[in-house]
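Fold and contact review
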Amino acid sequence: MAKLGYVFDAYGTLFDVHAAMRKLGDEIGPEHAAISVTWRNKQLEYSWVRSLMGSYKEFWQLTGEALTYALKHHGREDEALHAKLMELYWTLDAYDDVVPTLKHLREEGYRIAILSNGSPDMLTAATDHSGIAPLVDDIFSVDAVKTFKTSPDVYRMVTDAWACKAKKIGFVSSNRWDIAATTKFEFKTVWLNRSGATDEYESYPPSKVITSLDEL
């Protein structure tokens, strides 16, 4: 590659994981935000536990199981609501800074990819809905290696496909744990700290910290 390529995490970085719950906020009530946080936390927890167990299951299935738990935990068990939220998860909104940033990077000659826990059909639906599909050169799903982040096997998919060293790749994620893992893998890491979260994993600091993709 003549220029450095950028690889983006999908959920929480490009796509707003709380958009589905927010769209039904009036129906669910003021606790919708708390339910959404529980949903997201369990979705990630289930992926980590299954990776450690060596028991892979597609991210879409884990997303459904995590929502089942979240609704039950908050006393809102409702099959119809579950179905509505899962349907909305196919078409999560992209953050406002995503399209302008990707367009700019392409104009500058950078190669662009997504690397995600998401199942291939989830990622296709999300990129098509958000309009970013034409701006992305490659979509890497963990489904190809049957394990989740933070396994090095996941990140190695990019270096193998692009036939380059990890240091030639800029990796952008809103998840600090993802940044820690990719820093160890020797990507040039950019932590997108949209929420002003407290830093952690001090042994694996990001190359750069930003609060919006506009700063990239």
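Residues numbered from 1 in each chain as written. Predicted model: local features only at pLDDT ≥ 70, side-chain atom pairs only at ≥ 80, totals over all residues. Heavy atoms only, no water.

Moving on to the layout of surface pockets. Unoccupied space between atoms shows up once a probe the size of one water molecule is rolled over them. When its volume is computed, the largest pocket comes out at roughly 500 Å³. As for the largest pocket, its lining consists of 21 residues, and the residues nearest its centre are Ser-174, Asn-175, Arg-176, Ser-195 and Ala-197. Contributions of two or more residues to the lining of the largest pocket are made by α3 (32-53), α9 (176-184) and β5 (188-192). Among the elements that take part in the lining of the largest pocket, α3 stands out by supplying five residues, more than any other. Across the lining of the largest pocket, the residue classes tally to nine nonpolar, eight polar and four charged. (1 Å grid on protein atoms, 1.4 Å probe; cavity = no way out; pocket = protein on both sides within 12 Å on 5 of 7 lines; lining within 4 Å. Points joined across faces, edges and corners; volume = space filled by probe spheres on them. Helix = DSSP H or I, 4+ residues; strand = E, 2+ residues; numbered from the N terminus. Nonpolar A, V, L, I, M, F, W, Y, C, P; charged D, E, K, R; others polar.)

Let's shift gears to the pattern of salt bridges. Per the stated rule, a full pass over the model turns up 14 salt bridges. Its salt-bridge partner being Asp-143, residue Lys-146 comes within 3.8 Å of it at the nearest N-O pair. What makes Asp-143 buried here is its relative accessible area of 16%. Among the ionic pairs, Asp-199 bridges to Arg-176, the shortest N-O distance being 2.6 Å. Of the two residues, Asp-199 is situated in the loop between β5 and β6 (208-210) and Arg-176 in helix α9; the sequence distance between them amounts to 23 residues. Exposure remark for Arg-176: the relative accessible area of 3% places this residue in the buried category. What you see here is one network of salt bridges that share partners, running through Asp-9, Lys-149 and Asp-178. (Salt bridge = Lys/Arg side-chain N within 4 Å of Asp/Glu carboxyl O. Buried < 20%, exposed > 50% of the residue type's maximum accessible area, 1.4 Å probe, protein only.)

Here Asp-178 lies in helix α9. With a relative accessible area of 0%, Asp-178 lands in the buried category. Beyond its immediate sequence surroundings of up to four residues, Asp-178 is in contact with Asp-9, Lys-149, Tyr-155, Phe-171 and Ser-173. (Contact = heavy atoms within 4.5 Å.)

On to the pairing of strand β1 (residues 5-8). On β1, burial covers both faces: Gly-5 and Val-7 on one face and Tyr-6 and Phe-8 on the other are all buried. With three bridges joining them, β1 and strand β2 (residues 112-116) adopt parallel strand pairing. Note that in β2 the partner of Val-7 across the bridge is Ala-113. (Pairing = 2+ DSSP bridges.)

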